[in-house]
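The residues making up each chain are set out below.
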Amino acid sequence: MKEIYLAGGCFWGTEHYFKQIHGVLKTEVGFANGHTANPTYQEVYTDKTGYAETVHIVYDEQEVSLEFLLNMFFKAIDPVSLNKQGHDEGTRYRTGVYYTDEASQLPIINKVFTEQQALLSAPIAVERLPLQNFYTAEEYHQDYLDKNPDGYCHLPTSLFEFARQAREQE
């Protein structure tokens with residue numbers, strides 16, 4: 001099992017999106033790379049803690065690769081938008097890829113960023129950093145869109161179906 005931490009704006013939709021992808025075994029929403037201990041959602045919401053709403057993704061690399069997950073990530077974000085995804089604004093909604101194993105993950109991350117940048121006319125605004133810390137969000141945020149199917153989401157529902165159908169080419 002491998003893991004990666006992805007910040008794609010509001011974590012409700014980002015988690016739901018990645019849960020649809022074949023090979024993703026577990027997701028958990030929380031807060032990454034901030035500067036306070038044990039932040040609450042209310043504290044993170046002030047944009048004074050330095051945290052990004054982030055999804056911890058555990059995946060089976062026999063079923064899906066990090067490269068595939070990162071390319072799927074780029075399909076679900078506006079990669080040139082700084083501190084804003086959809087209608088959500090603030091540093092907590094910044095985009096980021098936070099890795100835990102520099103030797104094995106960073107070369108893949110760099111490859112995907114280079115390929116994605118070639119498709120864009122503006123610079124990518126997605127952070128690419130080692131994971132400094134991660135705190136799990138409150139229980140009501142976990143699997144939010146499963147519990148609240150009509151709940152707010154900045155992602156179009158068609159993207160969830162796209163993720164369900166997506167398969168890595170052999």
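Values in this document were obtained by computation on a predicted structure and should not be read as measured data. (Residues numbered from 1 in each chain as written. Predicted model: local features only at pLDDT ≥ 70, side-chain atom pairs only at ≥ 80, totals over all residues. Heavy atoms only, no water.)

Caption draft 1: Seen up close, unusual backbone geometry. The backbone of Asn33 shows a phi angle near 55°, a positive value even though the residue is not glycine. Within the secondary structure, Asn33 sits in the loop between β2 (24–32) and α2 (41–45). Among the residues examined, Asn33 registers a relative accessible area of 8% and is labelled buried. Despite not being glycine, Asp143 has its phi angle at roughly 55°, a positive value. Within the secondary structure, Asp143 sits in the loop between β8 (134–136) and α5 (144–147). (Helix = DSSP H or I, 4+ residues; strand = E, 2+ residues; numbered from the N terminus. Buried < 20%, exposed > 50% of the residue type's maximum accessible area, 1.4 Å probe, protein only.)

Caption draft 2: Looking closely at the pairing of β2. The buried count for β2 comes to 7 of 9 residues, which makes it a mostly enclosed element. Across 8 bridges, β2 lies against strand β3 (residues 52–59) in antiparallel orientation. Of the residues in β3, the one forming a bridge with Thr27 is Ile57. When β2 meets β8, the two strands line up antiparallel, connected through 3 bridges. (Pairing = 2+ DSSP bridges.)

Caption draft 3: Highlighting the sheet that holds β2. Strand order in this open sheet of 6 strands is β7-β6-β1-β3-β2-β8, and the pairing throughout is mixed. Taken across any chain shown, the strands that pair with only one partner, and hence form the sheet edges, are β7 (127–130) and β8. Averaged over all pairs of adjacent strands, the angle between their axes in this sheet comes to 35°, without regard to strand direction. Lying on the sheet, helix α1 (residues 11–19) is in contact with β1 (2–8), β2 and β3; it crosses β2 at an angle near 165°. Across the sheet, helix α3 (residues 66–75) touches β1, β2, β3 and β6 (95–99), and the angle it forms with β1 is around 10°. (Axes fitted to C-alpha atoms, helices over the stretch in contact; angles between N-to-C directions. Contact = heavy atoms within 4.5 Å.)

Honestly, that's just the spatial picture; any functional story needs more than this.
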